[in-house]
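Commentary on secondary and tertiary structure
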Amino acid sequence: ILIGDIYLLEAAGNYTHIFYLNKKCMIHKTLKQMETSLSDIFFIRTNRQQIVNINFIHHVETHYHGGLTITLHENKKIYVSHRNAVAIKRLMSI
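The sections below set out a description of the structure shown in this document.

So, how was this worked out
Residues numbered from 1 in each chain as written. Predicted model: local features only at pLDDT ≥ 70, side-chain atom pairs only at ≥ 80, totals over all residues. Heavy atoms only, no water. Phe/Tyr/Trp six-rings, centres within 6.5 Å; stacked < 30°, edge-to-face > 60°. Helix = DSSP H or I, 4+ residues; strand = E, 2+ residues; numbered from the N terminus. Buried < 20%, exposed > 50% of the residue type's maximum accessible area, 1.4 Å probe, protein only. Lys NZ or Arg CZ within 6 Å of the ring centre and 35° of its normal. Arc of directions from axis to C-beta.

1. As for the packing of aromatic side chains
Within the structure shown, the criterion is met by 2 aromatic pairs. Ring plane angle 50° and centroid distance 6.2 Å describe the contact between Tyr 7 and Phe 19, whose orientation is recorded as tilted. You can see Tyr 7 sitting in strand E1 (residues 6–12) and its partner Phe 19 sitting in strand E2 (residues 15–20), a full 12 residues away along the chain. Considered together, Tyr 7 and Phe 19 belong to a single accessibility category, that of buried residues. Between Tyr 7 and Phe 56 the ring centres are 5.8 Å apart and the planes differ by 45°, which places this aromatic pair in the tilted class. With Tyr 7 in strand E1 and Phe 56 in the loop between strand E5 (50–53) and strand E6 (59–62), the pair connects residues that are 49 residues apart, well separated along the chain. These aromatic residues form a ring-pair network of at least three members: Tyr 7, Phe 19 and Phe 56. Positioned above the aromatic ring of Phe 19 is the side chain of Lys 76, whose terminal nitrogen or guanidinium carbon lies 5.4 Å from the ring centre.

2. Some thoughts on helix H2 (residues 82–92)
Of the residues making up H2, those classed as buried are Asn 84, Ala 85 and Ile 88. Taken end-on, H2 shows its buried residues confined to a sector of 110°, consistent with a single buried face. Turned more than 90 degrees off the buried face of H2, the exposed positions are Arg 83 and Arg 90. Looking at the residues trailing H2, positive phi occurs at Ser 93, about 55°.

See below:
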């Protein structure tokens, strides 16, 4: 798997689901372990369960309470917590 092909990482206990191209696999590493090995330039934590590759963000929708919903590859919608929305808004110049 090429890092640039990964668009989403999702927590599953002590495992992480990796979504890339049109495929999905699971590895025996926590999301926190994966987060430390990924580049901060391309990957950002959206909530406690998910990390996304910013190159695959197609649309950002803001909510009145400060949170966001982002749309990724294959129209997958990800909720961004209020806490993490600030960093994404800054990154995306929103």
